[in-house]
Amino acid sequence: MNVIIVGCGRVGGFLAGLMDAGGHQVTIIDLERAAFVHLPAEFKGTTLLGDGSDLDVLRHADAEKADAFLALTQGDNRNIMAGQIAKEIFRVKQVIAKINDPIRAQTYRAHGMSTFSRTTILGTLLEAILSGNTTVGEQLMRRVLEHEAEMSGDMAPARG
């Protein structure tokens, strides 16, 4: 799969590393060169310095050939704009935008844009754990702990 990720913060860098390790073609875009420090040392994908909502930058990233586009910057507005450009202009089939505000995420989702809110995800996970919903909470936590163990070089995931 050909994936473009806008925003190389912790989430973007982590996802780029996972996708790259999974054999996917990954291009990650960020405004700041220093942000690429979030990528794993073995990252083989492409890094591109620039604004992920800029048409020229997206053309340079071959956005028209992308199978998936993820807007993961800190700014909701930038993510919404980048996602809309990818979807409407470059016709990327799978576009996902990180929207910190759960109400805005729901609003844009209702208008056809795939969004997620870390606030909603974390709140739902914690509620599931506290409610004793082991099928959801424990499975998600196990996967998170496995990823964290892999990143730290630990092969045995933490148990809890």
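Notes on the structure in this doc start here. The model shown is predicted, which means the values in this text are computed figures rather than measured ones.

Thoughts on the sheet that holds strand β5 (residues 94-98)
Okay, so step 1: The parallel open sheet is built from 6 strands, whose spatial order is β3-β2-β1-β4-β5-β6. Each of the sheet's edge strands pairs with one partner strand only, and the pair in question is β3 (46-49) and β6 (114-116). Each adjacent strand pair in this sheet contributes to an overall mean axis angle of 20 degrees, direction not counted.

Side note on a nonpolar patch on the surface
Okay, so step 1: On the surface, a cluster of nonpolar side chains totalling about 260 Å² of accessible area is made up of L122, L126 and I129.
Okay, so step 2: Assignment of secondary structure puts I129 in helix α5 (residues 118-130).

Here we look at unusual backbone geometry
Okay, so step 1: Phi is positive for D62, close to 60 degrees, though the residue is something other than glycine.
Okay, so step 2: Note on placement: D62 falls in the loop between α2 (55-60) and β4 (68-71).
Okay, so step 3: Using a relative accessible area of 32% as the deciding quantity, one classes D62 as partly exposed.
Okay, so step 4: One non-glycine residue, R91, adopts positive backbone phi at about 55 degrees.
Okay, so step 5: Inspection of the secondary structure assignment puts R91 in the loop between α3 (76-88) and β5.

A closer look at the nonpolar core
Okay, so step 1: Counting 22 residues, the largest nonpolar core has I4, I29, L58, F69, F90 and V92 as its most contacted members.
Okay, so step 2: Secondary structure elements with two or more residues in this core: β1 (2-6), α2, β4, α3 and β5.
Okay, so step 3: If you tally residues by element for this core, the top one is α3, at 4 residues.
Okay, so step 4: Residues within four places of I4 in sequence aside, it is in contact with T27, I29, A61, D62, A63, A66, A68, F69 and L70.
Okay, so step 5: Among the nonpolar cores identified, the runner-up in size contains 14 residues, and V3, C8, A16 and M19 belong to it.

Quick notes on helix α1 (residues 10-21)
Spacing of three or four residues puts side chains on the same side of an α-helix, whose turn is 3.6 residues.
Okay, so step 1: Counted at 1.5 Å a residue, the expected span for α1 with its 12 residues is 16 Å, and the 16 Å between its end C-alpha atoms agrees.
Okay, so step 2: At its buried positions, α1 is contacted by β1 and β2 (25-30).
Okay, so step 3: Phi for G23, located one or two positions after α1, is positive at around 90 degrees.

What to know about the pairing of β5
Okay, so step 1: In the sheet, β4 pairs with β5 via 4 bridges, with the strands oriented parallel. Residue pairing in the sheet places A71 in a bridge with A97 of β5.
Okay, so step 2: For the crossover from β4 across α3 to β5, the handedness is right-handed.
Okay, so step 3: In this sheet, β6 lies alongside β5 in parallel orientation, the contact comprising 3 bridges. Bridge assignment links A97 to a residue of β6, and that residue is T115.

Criteria and thresholds
Residues numbered from 1 in each chain as written. Predicted model: local features only at pLDDT ≥ 70, side-chain atom pairs only at ≥ 80, totals over all residues. Heavy atoms only, no water. Pairing = 2+ DSSP bridges. Helix = DSSP H or I, 4+ residues; strand = E, 2+ residues; numbered from the N terminus. Axes fitted to C-alpha atoms, helices over the stretch in contact; angles between N-to-C directions. Patch = residues over 30% accessible without salt bridge, like charges linked within 9 Å, V, L, I, M, F, W, Y side chains within 5 Å. Areas by Shrake-Rupley, 256 points an atom, 1.4 Å probe, with all protein chains shown as cover. Salt bridge = Lys/Arg side-chain N within 4 Å of Asp/Glu carboxyl O. Buried < 20%, exposed > 50% of the residue type's maximum accessible area, 1.4 Å probe, protein only. Core = buried A, V, L, I, M, F, W, Y, C linked by side-chain atoms within 4.5 Å. Contact = heavy atoms within 4.5 Å. Expected span 1.5 Å × (residues − 1). Right-handed = clockwise from strand over helix to strand, strands pointing away.

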